[in-house]
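Structural characterization, general
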Amino acid sequence: MASPAAVPLATSVYDPDCRRCPRLAHFLDEVKHDHPGYFCKPVPPFGAAHPRLIVVGLAPGLHGANATGRPFTGDWCGPLLYSSLHRFGFASASESRSVDDGLKLIDCRITNAVKCLPPQNKPERSEVRNCTSFLGAELAEASQLRVLLTLGTVAHQAVLDALRLRLRDYPFAHHRRHQLTDALVLFNSYHVSRYNTQTGRLTEAMFHSVLADIRKLLDS
Ligand code: SF4
């Protein structure tokens, strides 16, 4: 299988052998036993080496990123995210099928707040904190970064923790724009999850509206 990482990543950004969260590490061992063909490791960020946009999701899905090794690939959440990124010029194609499908992200990278599959899609707070050091290192080395897009409250809190900012100063709300510094803006969106999209909490139009604003900002 081809390497899932599109760019070389420093060990401070991504450690494929990390077992810092014992509950998650043991869960991955069990899932690997049941699904030997699945990736079942911390899922690395995917995308451009020096992006201006970083999209931060929650964690790999069992039969999605955890199976394929690429964020938001193989499960319910991916099609809306990748088709939207493509629509606004951040992806070379509208679909992400596998790590070796040739897809390129343009000026954009996708990462997760928690790199390992959590049971029930619910990481514990301590696990999010453990993984924040990787996210912090990734943001610190993103020298061209101008926009962060957090999908959901867990990703939002993780980004704030990574940047040592307080939630009460930057509360989460869908389509909210936070000016973090002169050069860095944080956008919020509801997560592109099955629950949110099936209940209508997040529609395609709502998500496109956020990405349209990001495109406009980066093009200005
Ligand atoms: S979730 Fe992050 S910190 Fe925890 S074991 Fe996985 S890679 Fe390591």
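In the block above lies the structure referred to throughout.
The shown structure was predicted, so the numbers you read here are calculated from the model rather than taken from an experiment.

Moving on, we get to the overall build of the chain. For the chain, the helix and strand inventory stands at seven helices and six strands. Over its C-alpha trace the chain gives a radius of gyration of 16 Å, about what one expects of a compact globule, namely 17 Å for 220 residues. For the C-alpha atoms alone, the extent of the chain along its principal axes is close to 50 × 35 × 35 Å. By residue count, 54% of the 220 residues in the chain fall in the buried class. Residue pairs at least 24 apart in sequence account for 69% of intrachain contacts in the chain once pairs closer than 6 positions are excluded. When the accessible area of the chain is evaluated, it comes to approximately 10100 Å², of which 52% is carbon and sulfur surface. Looking at the chain, you have 25 positive and 20 negative side-chain charges, and the mean spots of the two groups are 5 Å apart.

Attention now goes to unusual backbone geometry. Positive phi is not limited to glycine here, since phenylalanine 72 has a value of about 60 degrees. Here phenylalanine 72 is to be found in the loop between α2 (65-68) and α3 (78-87). With a relative accessible area of 7%, phenylalanine 72 lands in the buried category. At arginine 164, a position not held by glycine, the phi torsion is positive, near 55 degrees. With respect to the helices and strands, arginine 164 occurs in the loop between α5 (153-162) and β5 (177-179).

Next up on the list: the sheet that holds strand β2 (residues 53-57). Spatially, β1-β3-β2-β4-β6-β5 is the arrangement adopted by the six strands of the open sheet, whose pairing is mixed. Unpaired on one side and paired on the other, β1 (46-47) and β5 mark the two borders of the sheet. Across three bridges, β5 lies against strand β6 (residues 185-189) in antiparallel orientation. Among the inter-strand pairings, arginine 177 is bridged to a residue of β6, identified as phenylalanine 187.

Bringing the packing of α3 against helix α7 (residues 204-219) into the picture now. It is the contact of α3 with α7, at a shortest axis distance of 10 Å, that shows an interaxial angle of 45 degrees. Considering the angle they form, α3 stands oblique to α7. Read as a crossing pair, α3 and α7 show a hand that is right-handed. Across from Leu80, Leu81, Ser84, Leu85 and Arg87 in α3, the residues of α7 making contact are Glu204, Phe207, His208 and Leu211. A breakdown of the residues in the contact of α3 with α7 according to their chemical character gives five nonpolar, two polar and two charged.

Every residue close to the ligand is listed here: Cys18, Arg20, Cys21, Leu24, Pro42, Val114, Lys115, Cys116, Asn130, Cys131 and Phe134. Among the elements that make up the shell around the ligand, the one with the highest residue count is helix α4 (residues 125-140) (three residues).

Looking now at α5. With respect to burial, α5 is a largely interior element, seven of its 10 residues being buried. Every buried residue of α5 is accounted for by Ala155, His156, Gln157, Ala158, Val159, Leu160 and Ala162. Elements in contact with the buried residues of α5: β2, α4, β4 (147-151), β5 and β6. Arginine 164 sits one or two positions beyond α5 and adopts a positive phi of about 55 degrees.

Calculation rules
Residues numbered from 1 in each chain as written. Predicted model: local features only at pLDDT ≥ 70, side-chain atom pairs only at ≥ 80, totals over all residues. Heavy atoms only, no water. Helix = DSSP H or I, 4+ residues; strand = E, 2+ residues; numbered from the N terminus. Rg over C-alpha atoms; globule rule 2.2 N^0.38 Å. Buried < 20%, exposed > 50% of the residue type's maximum accessible area, 1.4 Å probe, protein only. Contact = heavy atoms within 4.5 Å. Areas by Shrake-Rupley, 256 points an atom, 1.4 Å probe, with all protein chains shown as cover. Lys, Arg positive; Asp, Glu negative; His and termini not counted. Charge placed at Lys NZ, Arg CZ, Asp CG, Glu CD. Pairing = 2+ DSSP bridges. Axes fitted to C-alpha atoms, helices over the stretch in contact; angles between N-to-C directions. Parallel < 35°, antiparallel > 145°, perpendicular 65-115°, else oblique. Left-handed = near helix turned anticlockwise from the far one by under 90°. Nonpolar A, V, L, I, M, F, W, Y, C, P; charged D, E, K, R; others polar. Near = heavy atom within 4 Å.

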